[in-house]
Amino acid sequence: MLLRNGYVLQTDENHIYFEKLDIRTKDGVIVELDTKLTQDQNEDMVDLGGDLVLPGMVNSHYHSYTNIIRGTSFGEPLELWSNDTVALGGVLSNRDMELSASLGIIEMLRAGVTACVDHIPHLGKAASIAEVYRSTGFKAGLAPMLHNIKDRDLLYNMDREFQKSSGPSPFPSTDEYVKFYKDFISEFNNPDGNTRVMVGINSPQRADDELLEASSQLSRDYDLPVHSHLLESRWQRLSADHASSPVEKMDRHGLLTHKTSLAHCVWLTAFEVDLLAKRGATAITNPTSNHFLGSGVFPARQFLEKGIPITLGSDGVNCGTNHNMLEILRFFLLIERNSNPDYEGWIGLKKGYEMITKNASSILAFSRPAGEIRINHSADLVVVDRTHLLDILDSSLPSQLIFNSSQLDVKHVLINGAFVMQNREILALSEVDLRKEIAERKRELEGSMKEALEKASKDKEPFQRTFRSLQEKFNRYDK
């Protein structure tokens, strides 16, 4: 396929800029990038008419089931809020999960996002979610969650409210987790295609040594990336300070490597940051959700100074966020400026944009590189109406893109060289039909969600009491 007359986002050592170029793709890969390419015989050609061509963006940490429960929380600290989201997720059927994942794909495509890491808590419904990605062509790192320790059994001072859990475990056994993963890998791990399985640890402190060792073995045996939450809140930091470092725990089991991506990373010690740098792991900041939950500010400079790659994610949509990665990037960059009085050290446009493109694509570890419009890279391309930006100075377009674009006017999206959106129409999904079906589910969902939230409000009371009693200790971490 030949895409002609586009203004294509390119990079040099320090900058991003737009250059008028033609793009030729073959078998999902960019094979030529030049001016005035000639259409080959029997080759499809699309004239872009001077529109902007961007590399597809990536949402590096996301929970698709939350699309359908958006707006259900005003926001509370993580450990209180999670009672609600766990209860709400528990009432969703397989079809609800499919609808929720489909809604997320539609919204991401309209925002110029072509890939995500979906950290899936519900193993029994993971295959249904994975099939939605596979059938639509949207790229996804699929990371079903592995965990077998409850928060009530690991959070500092919660033993005053609960005796340690006894009796049969509510979690699958390690052998059952391994069997699930092997079956899931066989069905959905396609590095040459659009679904990639990742070892999805919930969080290292929520998994015992046996499960972490099995996770590490799965990663080695099947060459899978590893994805996990890490030290998101003050309470998690306090708990780690009175037990053991979850970073060192991952490292003992060989789970901290260049194939590892870690979401949040708000409350790491200097030693733990050094360990991430030494092992080549990637940090994923989720600034909108962290601020919605009051979890804290990701210390970006500390990671950048150590050469740790940074990417960005939306996290759950019920955390006061959305799928617009440019908006999330802008929020992150503005926060970072306010925390760095040396303006010459502010994160530049190129480095920032790479966090949602090049850096983010690398954690998915598909067979072909992506996140840049270069020869031999995957043709994951987003075509944006140029009139959406103010076209006076060409040099102003990159800054407008990142700091002034609340929502892109996306015309076309290609993933692996194939159109998934053309002339603003999403090809594999009908948004009208999707929203109609969700509306038809309203009465049933409304009843089950209200019941879940009522139950969760009682379940969270012991967490609220303990949280309040620890406020003085939490405050020390902000000094």
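Look up a bit, the structure's there.
Residues numbered from 1 in each chain as written. Predicted model: local features only at pLDDT ≥ 70, side-chain atom pairs only at ≥ 80, totals over all residues. Heavy atoms only, no water.

Structural notes on the nonpolar core
Phase 1 of the analysis: Counting residues in hydrophobic clusters, the biggest one holds 103 residues, and the most contacted among them are L276, F303 and Y353.
Phase 2 of the analysis: If you tally residues by element for this core, the top one is helix α2 (residues 94–110), at eight residues.
Phase 3 of the analysis: Setting aside chain neighbours within four positions, we find Y353 in contact with L9, I16, L54, P55, M57, L326, L329, L401 and I402.
Phase 4 of the analysis: Core analysis: the second largest hydrophobic core is formed by 15 residues, L33, L48, A379 and F419 among them. (Core = buried A, V, L, I, M, F, W, Y, C linked by side-chain atoms within 4.5 Å. Buried < 20%, exposed > 50% of the residue type's maximum accessible area, 1.4 Å probe, protein only. Helix = DSSP H or I, 4+ residues; strand = E, 2+ residues; numbered from the N terminus. Contact = heavy atoms within 4.5 Å.)

Quick notes on the side chain of N359
Phase 1 of the analysis: Summarising the element assignment, N359 is placed in helix α13 (residues 358–364).
Phase 2 of the analysis: On the basis of relative accessible area, N359 is assigned to the buried category, the value being 19%.
Phase 3 of the analysis: Apart from residues no more than four positions distant in its own chain, N359 is found in contact with I310, T311 and E354.

Considerations on the packing of helix α4 (residues 174–188) against helix α5 (residues 209–222)
Phase 1 of the analysis: Where α4 meets α5, the axes come as close as 10 Å, and the angle between the chain directions of the two elements is 20 degrees. Comparing the axis directions of α4 and α5 gives the class roughly parallel. Classified by chirality, the crossing of α5 by α4 is right-handed. Taken together, the residues of α5 that come into contact with α4 (itself represented by T174, Y177, V178, Y181, K182 and I185) are E210, L211, A214, L218 and Y222.
Phase 2 of the analysis: Counted by class, the contact of α4 with α5 contains eight nonpolar, one polar and two charged residues. (Axes fitted to C-alpha atoms, helices over the stretch in contact; angles between N-to-C directions. Parallel < 35°, antiparallel > 145°, perpendicular 65-115°, else oblique. Left-handed = near helix turned anticlockwise from the far one by under 90°. Nonpolar A, V, L, I, M, F, W, Y, C, P; charged D, E, K, R; others polar.)

Section: the environment of D151
Phase 1 of the analysis: You can see D151 is positioned in the loop between β8 (139–146) and α4.
Phase 2 of the analysis: Here the alpha-carbon distance between D151 and F463, two residues 312 residues apart in the chain, equals 9.7 Å.
Phase 3 of the analysis: Looking at D151, its side chain comes within polar contact range of the side chain of R206, at 2.8 Å. (Polar contact = N/O pair within 3.5 Å; in protein donor to acceptor, adjacent residues only side chain to side chain.)

Considerations on the environment of Q41
Phase 1 of the analysis: Locating Q41 in the fold gives a position in the loop between β3 (29–34) and β4 (45–47).
Phase 2 of the analysis: Among the residues examined, Q41 registers a relative accessible area of 75% and is labelled exposed.
Phase 3 of the analysis: Taking C-alpha positions, Q41 is 56 Å from L293, a pair spaced 252 residues apart along the chain.

Focus on the pattern of salt bridges
Phase 1 of the analysis: Tallied over the full model, the rule gives 38 salt bridges.
Phase 2 of the analysis: Residue D385 pairs with R424 through a salt bridge whose shortest N-O separation is 3.3 Å. Note that D385 is positioned in the loop between β16 (381–384) and α14 (397–403) and R424 in the loop between β18 (418–422) and β19 (425–426), a separation of 39 residues in sequence.
Phase 3 of the analysis: You can call R424 partly exposed: its relative accessible area is 36%.
Phase 4 of the analysis: Note that K450 is salt-bridged to E446, the shortest N-O span being 3.5 Å. Within this pair, K450 and its partner E446 are both found in helix α16 (residues 442–459), separated by four residues, close to a single helical turn.
Phase 5 of the analysis: By relative accessible area, which is 34% here, E446 ends up partly exposed. (Salt bridge = Lys/Arg side-chain N within 4 Å of Asp/Glu carboxyl O.)

A look at a nonpolar patch on the surface
Phase 1 of the analysis: Together, L390, I392 and L393 make up an exposed nonpolar region whose accessible area comes to about 350 Å².
Phase 2 of the analysis: Within the secondary structure, L390 sits in the loop between β16 and α14. (Patch = residues over 30% accessible without salt bridge, like charges linked within 9 Å, V, L, I, M, F, W, Y side chains within 5 Å. Areas by Shrake-Rupley, 256 points an atom, 1.4 Å probe, with all protein chains shown as cover.)

Comments concerning the pairing of β8
Phase 1 of the analysis: Taking burial as the measure, the eight residues of β8 include eight buried ones, the bulk of the element.
Phase 2 of the analysis: By the alternation rule, side chains of β8 split into K139, G141, A143 and M145 and A140, L142, P144 and L146, which are all buried.
Phase 3 of the analysis: As defined by bridge partners, strand β7 (residues 113–120) adjoins β8 across six bridges and the pair is classed as parallel. Within β8, the residue paired with C116 across the bridge is A140.
Phase 4 of the analysis: Following the chain from β7 across helix α3 (residues 123–136) to the adjacent parallel β8, one finds a crossover that is right-handed.
Phase 5 of the analysis: Running through α4, the crossover from β8 to the neighbouring parallel element strand β9 (residues 195–197) is right-handed. (Pairing = 2+ DSSP bridges. Right-handed = clockwise from strand over helix to strand, strands pointing away.)

Considerations on the pairing of strand β11 (residues 226–230)
Phase 1 of the analysis: Most of β11 is tucked away, with five of its five residues classed as buried.
Phase 2 of the analysis: Neither face of β11 is left uncovered, since the one carrying V226, S228 and L230 and the one carrying H227 and H229 both have all their residues buried.
Phase 3 of the analysis: Note: strand β10 (residues 199–201) against β11, three bridges, orientation parallel. Residue pairing in the sheet places V199 in a bridge with V226 of β11.
Phase 4 of the analysis: Following the chain from β10 across α5 to the adjacent parallel β11, one finds a crossover that is right-handed.
Phase 5 of the analysis: Pairing geometry for β11 and strand β12 (residues 260–264), over five bridges, is parallel. When the bridges of β12 are listed, H229 appears paired with A263.

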